Amino acid sequence: MSNASKFGKVAVLLGGKSAEREVSLDSGKAVLEALLRSGVNAEAFDPQERSVTELVNYDRAFIVLHGRGGEDGQIQGVLEWLNVPYTGTGVQGSAIGMDKVKTKQIWQGSELPTAPYRIVSQETDLNEVIAALGLPLIIKPVHEGSSVGMSKVERAEDLAGAIAKAVQHDAVVMAEQWITGREFTISFLNGQPLPVIRLQPPADVAFYDYEAKYNRNDVEYGIPCGLTEAEEQKLQALCLRAFQAVGASGWGRIDAMQDEQGNFWLLEVNTVPGMTSHSLVPKAANAVGYSFDELCVAILEQTLAGDTQ
């Protein structure tokens, strides 16, 4: 890419101190190598090892920090303070997207379909939760990604243990009604939806968990996704509304379900999705002709247009 000099010096932000540090290091390494192959003057920058004040020495930043500190508006706020353009969603959209409850509240307020939930703790009346939401349930730490700390609960006696597991990762925990059906993911590039991918973990996996996301090689990724053309367009339109409702922009991903009656349900938004060999945004972009290197440059180009903040 001959005009890569237009980007100046680029910090690829990776690592950090969240529970997703290892995944972020993998993602960041892949992005860094892609940018270097494309002629971009890029360097790895791990905020756990360097002061963020050093970011003032860069012309722009490619954020590949997953989880808290990188995906929740914190690093975005630092970059805005330093006047360094960055990839992806701005401060407020990042903060909302990292908070599963705030995301669901906005979607509910926008009349977008998302599963019923309750905030739970060790003191919660678990019988009331089961009466309200039924079984099975999915228990989630509210401020974690990559399915960290999540559990599927099929029996009432397992609920307290699942909450205890989630509390190890986050002070705020939610119980969400389990949706039986097919899981899909919808990626965004330049604020527009890419082809839908169907996620089909192997039969011995309860849901698309951390292990399935990063360590298994037997997850099936369906492109085409198996929906009719009309259904796929409906899901893309729904997810675009959901993406915009939380203030997300540029690139990202939304996970959704289709229940056994054919209804779509929004699960959560990812404002800094994975960029590893197992990751979903590269798979979706590849389906419309983007190589991994071209995808990384296209994401970085958003920092030139002034549409990231």
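Bear in mind that the values here come from a model prediction, so they are computed numbers and not experimental data. (Residues numbered from 1 in each chain as written. Predicted model: local features only at pLDDT ≥ 70, side-chain atom pairs only at ≥ 80, totals over all residues. Heavy atoms only, no water.)

**Overview of the overall build of the chain**
- Within the chain, the secondary structure is distributed over ten helices and 13 strands.
- Here the chain has a C-alpha radius of gyration of 19 Å; the compact-globule value for 309 residues is 19 Å, and the two agree.
- Each principal axis of the C-alpha distribution contributes one length, and for the chain these read about 60 × 45 × 35 Å.
- When contacts within the chain are restricted to residue pairs at least 6 apart in sequence, those whose partners lie at least 24 apart make up 69%.
- For the chain, the accessible area works out to roughly 12,900 Å², and carbon and sulfur atoms hold 47% of it.
- Between the centroid of the 25 positive side chains of the chain and the centroid of its 40 negative side chains there is a distance of 1 Å. (Helix = DSSP H or I, 4+ residues; strand = E, 2+ residues; numbered from the N terminus. Rg over C-alpha atoms; globule rule 2.2 N^0.38 Å. Contact = heavy atoms within 4.5 Å. Areas by Shrake-Rupley, 256 points an atom, 1.4 Å probe, with all protein chains shown as cover. Lys, Arg positive; Asp, Glu negative; His and termini not counted. Charge placed at Lys NZ, Arg CZ, Asp CG, Glu CD.)

**Some remarks on the UniProt feature "active site" (unreviewed entry) in the chain**
- Here the UniProt-annotated "active site" (unreviewed entry) positions come out as Glu20, Ser146 and Ser279.
- Structurally, Glu20 is set in the loop between β1 (9-13) and α1 (21-37).
- Using a relative accessible area of 3% as the deciding quantity, one classes Glu20 as buried.
- With respect to the helices and strands, Ser279 occurs in the loop between β13 (264-270) and α9 (280-286). (UniProt positions renumbered as here; feature names shortened; annotations may be inferred. Buried < 20%, exposed > 50% of the residue type's maximum accessible area, 1.4 Å probe, protein only.)

**A closer look at the layout of surface pockets**
- By volume, the second largest pocket amounts to about 230 Å³.
- The wall of the second largest pocket is formed by 14 residues, among which Gly16, Lys17, Pro47, Arg68 and Gly69 lie closest to the centre.
- Across the lining of the second largest pocket, the residue classes tally to four nonpolar, eight polar and two charged. (1 Å grid on protein atoms, 1.4 Å probe; cavity = no way out; pocket = protein on both sides within 12 Å on 5 of 7 lines; lining within 4 Å. Points joined across faces, edges and corners; volume = space filled by probe spheres on them. Nonpolar A, V, L, I, M, F, W, Y, C, P; charged D, E, K, R; others polar.)

**A look at the nonpolar core**
- Ranked by internal contacts, the top residues of the largest apolar core, which has 41 residues, are Leu13, Leu35, Phe62 and Leu79.
- Looking at this core, the element that brings in the most residues is helix α10 (residues 292-305), giving six residues.
- Residue assignment places this core across two domains, with domain 1 (4-87 + 295-304) and domain 2 (97-113 + 180-288) each supplying three or more.
- Among residues more than four places away in sequence, those in contact with Leu79 are Leu13, Leu55, Ala61, Ile63, Val84 and Tyr86. (Core = buried A, V, L, I, M, F, W, Y, C linked by side-chain atoms within 4.5 Å. Domains from an automatic or database assignment.)

**Structural notes on the side chain of Thr103**
- Topologically, Thr103 is positioned in helix α4 (residues 100-109).
- At a separation of 2.8 Å, a polar atom in the side chain of Thr103 contacts the main-chain carbonyl oxygen of Ile96.
- When residues no more than four places from it in sequence are discounted, the contact partners of Thr103 are Ile96, Gly97, Val246 and Val269. (Polar contact = N/O pair within 3.5 Å; in protein donor to acceptor, adjacent residues only side chain to side chain.)

**Concerning the sheet that holds strand β3 (residues 60-63)**
- Strand order in the open sheet formed by three strands is β2-β1-β3, with parallel pairing between adjacent strands. Taken across any chain shown, the strands that pair with only one partner, and hence form the sheet edges, are β2 (41-45) and β3. Strand-to-strand, the axes of this sheet are offset by a mean angle of 30 degrees, without reference to chain direction.
- Of the strand pairs in this sheet, β1 and β2 are connected by five bridges, and their pairing is parallel. Residue pairing across strands places Lys9 opposite Asn41, the latter belonging to β2.
- Against the sheet, helix α2 (residues 74-81) engages β1 and β3, with an angle of about 175 degrees to β3.
- The sheet contacts of α10 involve β1 and β3, and relative to β3 the element is tilted by about 135 degrees. (Pairing = 2+ DSSP bridges. Axes fitted to C-alpha atoms, helices over the stretch in contact; angles between N-to-C directions.)

**Quick notes on the environment of Cys225**
- Examined against the element boundaries, Cys225 turns out to sit in the loop between β11 (220-222) and α8 (229-245).
- Linking Cys225 and Glu183, residues 42 residues apart in sequence, is a C-alpha distance of 9.9 Å.
- Those residues in contact with Cys225 that sit more than four places away from it in its chain are Phe184, Val196, Ile197, Arg198 and Glu232.

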